[in-house]
2 protein chains.
Amino acid sequence: MGNILVSAHNSPHFFQVIKYWGKRDTGLILPTNDSLSVTLSQDILHSKTTISAAKEYTGDRLWLNGKEEDITKNKRMHNCFRETRALRKQLEEEAAQRNETLEPLSTYHVHVCSENNFPTAAGLASSASGLAALVFTLAKLFDLPNNMSELSRIARQGSGSACRSLFGGFVAWEMGSNADGSDSLAVQVAPETHWPELEALICVVSDAKKGTSSTEGMQHTVNTSPLLQHRIKEVVPARMAEMTKAIQNKDFQSFADLTMKDSNQFHAVCLDTTPPIFYLNDVSRAIIRIVTEYNNSSPDGKLKAAYTFDAGPNAVIYAPKENMREIIQLIAHYFPGSSDTYFVDHYKLFESTSDVRSNFKPANHTNFNENAIPVFPEGSVNRLLHTKTDDGPRVLGPEGSLLNEQGLPKRLA
Amino acid sequence: MGNILVSAHNSPHFFQVIKYWGKRDTGLILPTNDSLSVTLSQDILHSKTTISAAKEYTGDRLWLNGKEEDITKNKRMHNCFRETRALRKQLEEEAAQRNETLEPLSTYHVHVCSENNFPTAAGLASSASGLAALVFTLAKLFDLPNNMSELSRIARQGSGSACRSLFGGFVAWEMGSNADGSDSLAVQVAPETHWPELEALICVVSDAKKGTSSTEGMQHTVNTSPLLQHRIKEVVPARMAEMTKAIQNKDFQSFADLTMKDSNQFHAVCLDTTPPIFYLNDVSRAIIRIVTEYNNSSPDGKLKAAYTFDAGPNAVIYAPKENMREIIQLIAHYFPGSSDTYFVDHYKLFESTSDVRSNFKPANHTNFNENAIPVFPEGSVNRLLHTKTDDGPRVLGPEGSLLNEQGLPKRLA
């Protein structure tokens, strides 16, 4: 079969340090404010996508985590197909004008297969990364010459935050002002190599109930929160400028301060929504207290860590590499876990498991109010994932393909 | 002994429907915005205060809930003594000018005894009601001719919200604009007889840790929350006008809508504080969801209940009398309790205890998403207190006195 296969790999989640919350145009997915995220390493968590195109295919097909889904029902994915196919068609027409022949891939159906290396139930899978991977892989498949910012405009129409997911490092989504969305796209503020000392600890928090979807939630906030307008107009523009400067100067003090403030304000406008939207639960709140106490206990008064929460109870704690060992012990002290997957020491910070779980002594920290937080029951935090700033989507070799030569999932075949 | 005794009784807590949060002058206790509260019945919960003055007393003394406290350390109480004694002194001087004699009570020491009929641990005791009772009782003792609004200026200097506690019914604290605080006082928007159908259910929520004190917390918010300024300038003035109108018209729809929105916005600005202040816990959040679902299930689309939370996890649910039976069953379903004090059927709504605890069937409510909230472990809500709008401080007869003829607590004597 004359099919063409491209596979890519990307990071499944991107905790925002300046939060996206609200659309001014829900069709084109144009946001009410700029936002900024940090791309975390795909060494630990990743999504993998393979796309294959062939003349012989009789329809577009999609497999997500081993299960076939009805691709025609996915309007957001459809936007990405439509836009990338249009760009491919243009290339084909330009080639024809030069009397060259390009394979008419824009007319072929595609098979898409996408998998995560972590349980979806962990609440870390986001449609953003899936749609970014889709657009990236389609662009490779179609051999599009467009740069990442141009592609980000397409990914944005799949899922807003997806536009940022096309880059590694520190990425801004500039809201733009044009009604057609042509200037609403992502730009890299700094590459992943710029600030390698910045690391992150993802705390996967158990939560019984499924929260409000962010797509639905943010428009409720736009429609009902009196405070959101003030945030959009007065607060975020100044914070974006300060955050960009903090990243450029590798100034962890400003980065941490702004990150925590913006996380809190995002959850504040959720609470100011009618009816209120809650993403933080008692475990999330306890993580905030722990980080606050940890910062209060800093001998020189400098911030040592910063928490942030997207639209869910899971925390990311950003910190300089030198504090990460202590932070892991701190979290493991208050949120004990004993499963094999609780903490995998990917970066070899500890000599043994007991080293992780029993070495934090709050009394060693001046001003650490040990009793501000109770020790939680085992399992309140499911997993601790230690990761760092890293690159964006990667193209994989044929050995990484999820589809076989017939264009069917290898795992199911 | 020639002592003079006055006793009074008042409601221990006053859930605000437009929230006070922030001082523009911490010395004079001048707020950053107007606020409005509903005085709840003292039939169920109350504080009682007796004050005695005698020439023979050698110093001011204070007993709180049976324990003597050092009155000289209480600056707020001291403000109330100073101001009421000054007014008494003026009366004595005016009498002297008329060649009349008034007992020089302004020069006598006083003994103060105050008790609550509920455990302090319930988190419902507030310094506001204590200081309101103090000022009210002192005014009676000194036979001051000043009206309640004038006295409220004094009570305000004891504890901000205390100014509202001098009235029954629906009470506004007008922030005023004078630098000396002379126009920052309470006025009654409507008496308790105006809207007798409005009832309330206080849900006393268990909470392991003590939250941030409101005195401390509100100034952190003033100093660090970018959203608070918008609330103060743009949101509260309009809400006060609408809330006043809603109360005057006995319009439960507007009252409920504004009450819930203002509670949420108050907690939102707490969350926008650095570090963030949390008063709502997972139980509080679940109560919000239950009331939201209950309102969603309303057959005619009308709001049937409204929640509000002050600076703590305890909820007050306001509702028309006709819905209260259903609401108690609803809360008792999700937050079971079996202790004798869990629910006392003061208003005889139920025939038996089992009637309270097993009669709510969410399935009877169209659109009630029963699974939005889990049934919580017993004891998550300690007590349900059914109460209603009622009057302000009452003078008690000699049989209600907490002090004996020697001016010592009867209970300790």
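Residues numbered from 1 in each chain as written. Chains lettered and ligands numbered in written order. Predicted model: local features only at pLDDT ≥ 70, side-chain atom pairs only at ≥ 80, totals over all residues. Heavy atoms only, no water.

Chain A is annotated in an unreviewed UniProt entry as Diphosphomevalonate decarboxylase of Mortierella isabellina. Listed under Sequence similarities (unreviewed entry) in UniProt, the entry text for chain A is "Belongs to the diphosphomevalonate decarboxylase family." Regarding chain A, the relevant UniProt record gives this comment under Pathway (unreviewed entry): "Isoprenoid biosynthesis; isopentenyl diphosphate biosynthesis via mevalonate pathway; isopentenyl diphosphate from (R)-mevalonate: step 3/3." (UniProt positions renumbered as here; feature names shortened; annotations may be inferred.)

Taken together, the contact pairs 29 residues of chain B with 29 residues of chain A. For the pair chain B and chain A, the summed buried area comes to about 2,600 Å², and 64% of that belongs to carbon and sulfur atoms. Per-residue buried area on chain B facing chain A is highest for B:L227, B:F278 and B:R285; these three make up 24% of the total on that side. Run the count over chain B and chain A and you get zero salt bridges. At the surface where chain B touches chain A, the tally comes to seven residue pairs in polar contact (both at pLDDT 80 or more). (Contact = heavy atoms within 4.5 Å. Buried area = accessible area lost by both parts, 1.4 Å probe. Salt bridge = Lys/Arg side-chain N within 4 Å of Asp/Glu carboxyl O. Polar contact = N/O pair within 3.5 Å; in protein donor to acceptor, adjacent residues only side chain to side chain.)

The subject of this paragraph is the nonpolar core. Grouped burial of nonpolar side chains is what soluble globular proteins tend to show. A:F255, A:I287, A:F335, B:F255, B:I287 and B:F335 are the most contacted members of the largest nonpolar core, which has 232 residues in total. Beyond its immediate sequence surroundings of up to four residues, B:I287 is in contact with B:C203, B:V205, B:F309, B:A315, B:I317, B:F335 and B:V381. (Core = buried A, V, L, I, M, F, W, Y, C linked by side-chain atoms within 4.5 Å. Buried < 20%, exposed > 50% of the residue type's maximum accessible area, 1.4 Å probe, protein only.)

Bringing the sheet that holds strand β10 (residues 170–174) of chain A into the picture now. Residues and elements named next belong to chain A. Across the sheet, which stays open at both edges, the four strands sit in the order β2-β5-β10-β11 with antiparallel pairing between neighbours. Pairing within the sheet leaves two strands with one partner each, and these edge strands are β2 (16–18) and β11 (185–190). Strand-to-strand, the axes of this sheet are offset by a mean angle of 30°, without reference to chain direction. With five bridges connecting them, β10 and β11 associate as antiparallel partners. Within the sheet, the bridge partner assigned to V171 lies in β11 and is Q188. (Pairing = 2+ DSSP bridges. Helix = DSSP H or I, 4+ residues; strand = E, 2+ residues; numbered from the N terminus. Axes fitted to C-alpha atoms, helices over the stretch in contact; angles between N-to-C directions.)

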